[in-house]
Amino acid sequence: QVQLVESGGGLVQPGGSLRLSCAASGSIVSFKVMGWYRQAAGKERELVAQITRADATDASTDYAGSVKGRFTISGDNAKKTWYLEMNNLEPDDTAVYYCYLDALSGGVSVKRYWGQGTQVTVSS
């Protein structure tokens, strides 16, 4: 019953910015990790950014080296929403972006949930 809905993708020129959002619905007991993957055509899926230990006081963020300094991930457990602010976009950022959530939802084990994907295209 947990569902993730993404928004914010689109076409942007190099150097531009986009803000992706992911909103979760359903019965979520505890957020563990929230983040974003992306997959470009012909390439492997890669982790872009994530917030780990999101339910703890020592929550931290991780970024792929290729986006560090340009992208910022943030989240709000109470709103069941997290964001990826993408600045100074480059053509190599073109990909389908998938949000994900590792969470407890009425069980004892953490499960992974995925958004439907949103296309980001960076082109002049």
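Scroll up to find the structure this text is about.
As a starting point, this report considers the structure included with it. This structure is a prediction, so every number in the text was calculated from the model and none was measured. (Residues numbered from 1 in each chain as written. Predicted model: local features only at pLDDT ≥ 70, side-chain atom pairs only at ≥ 80, totals over all residues. Heavy atoms only, no water.)

**What to know about the nonpolar core**
Logical step 1: Within the largest apolar cluster, 32 residues are counted, with the highest numbers of intra-cluster contacts made by L4, W36, W82, L84, M86, Y97 and L101.
Logical step 2: Counting only elements with at least two residues in this core, the list comes to strand 3 (18-25), strand 4 (30-39), strand 5 (46-52), strand 7 (71-76), strand 8 (81-86), strand 9 (95-104) and strand 11 (118-122).
Logical step 3: Considering each element in turn, this core owes the most residues, 5 residues, to strand 9. (Core = buried A, V, L, I, M, F, W, Y, C linked by side-chain atoms within 4.5 Å. Buried < 20%, exposed > 50% of the residue type's maximum accessible area, 1.4 Å probe, protein only. Helix = DSSP H or I, 4+ residues; strand = E, 2+ residues; numbered from the N terminus.)

**What about the packing of aromatic side chains?**
Logical step 1: One pass over the structure, following the stated rule, counts 4 aromatic pairs.
Logical step 2: Relative to W82, the ring of F31 lies with its centre 6.4 Å away and its plane at 80 degrees, an arrangement referred to as edge-to-face. You can see F31 sitting in strand 4 and its partner W82 sitting in strand 8, a full 51 residues away along the chain.
Logical step 3: Here F31 falls in the buried class, since its relative accessible area comes to 6%.
Logical step 4: Accessibility expressed as a relative area gives 0% for W82, which makes it buried.
Logical step 5: Put simply, the rings of Y37, Y100 and W114 touch in pairs and so form one group of aromatic residues.
Logical step 6: Its end group placed over the ring of Y37, R45 keeps NZ or CZ at 4.8 Å from the ring centre. (Phe/Tyr/Trp six-rings, centres within 6.5 Å; stacked < 30°, edge-to-face > 60°. Lys NZ or Arg CZ within 6 Å of the ring centre and 35° of its normal.)

**Some points on unusual backbone geometry**
Logical step 1: Unusually for a residue other than glycine, K80 sits at a positive phi of about 55 degrees.
Logical step 2: A positive phi angle is found at N88, which is not glycine, with a value near 50 degrees.
Logical step 3: Relative to the helices and strands, N88 resides in the loop between strand 8 and strand 9.

**Structural notes on the state of the cysteines**
Logical step 1: For the coordinates displayed, the defined rule picks out 1 disulfide.
Logical step 2: Across the disulfide, C22 is cross-linked to C99 (sulfur-sulfur distance 2.0 Å). Its S-S torsion of about 50 degrees marks the bond between C22 and C99 as right-handed, since a negative value means left-handed. Of the two residues, C22 is situated in strand 3 and C99 in strand 9; the sequence distance between them amounts to 77 residues. Comparing C22 with C99, the two get one shared label, buried. (Disulfide = S-S within 2.5 Å.)

**What to know about the sheet that holds strand 8**
Backbone-to-backbone hydrogen bonds join strands into a sheet, with any given pair of strands oriented parallel or antiparallel.
Logical step 1: Strand order in this open sheet of 4 strands is 1-3-8-7, and the pairing throughout is antiparallel. Each of the sheet's edge strands pairs with one partner strand only, and the pair in question is strand 1 (3-7) and strand 7. The sheet shows a mean angle of 15 degrees between the axes of neighbouring strands, direction not considered.
Logical step 2: Looking at chain direction, strand 7 and strand 8 are connected through 6 bridges and run antiparallel. Note on strand 8: the bridge partner recorded for T72 is E85. (Pairing = 2+ DSSP bridges. Axes fitted to C-alpha atoms, helices over the stretch in contact; angles between N-to-C directions.)

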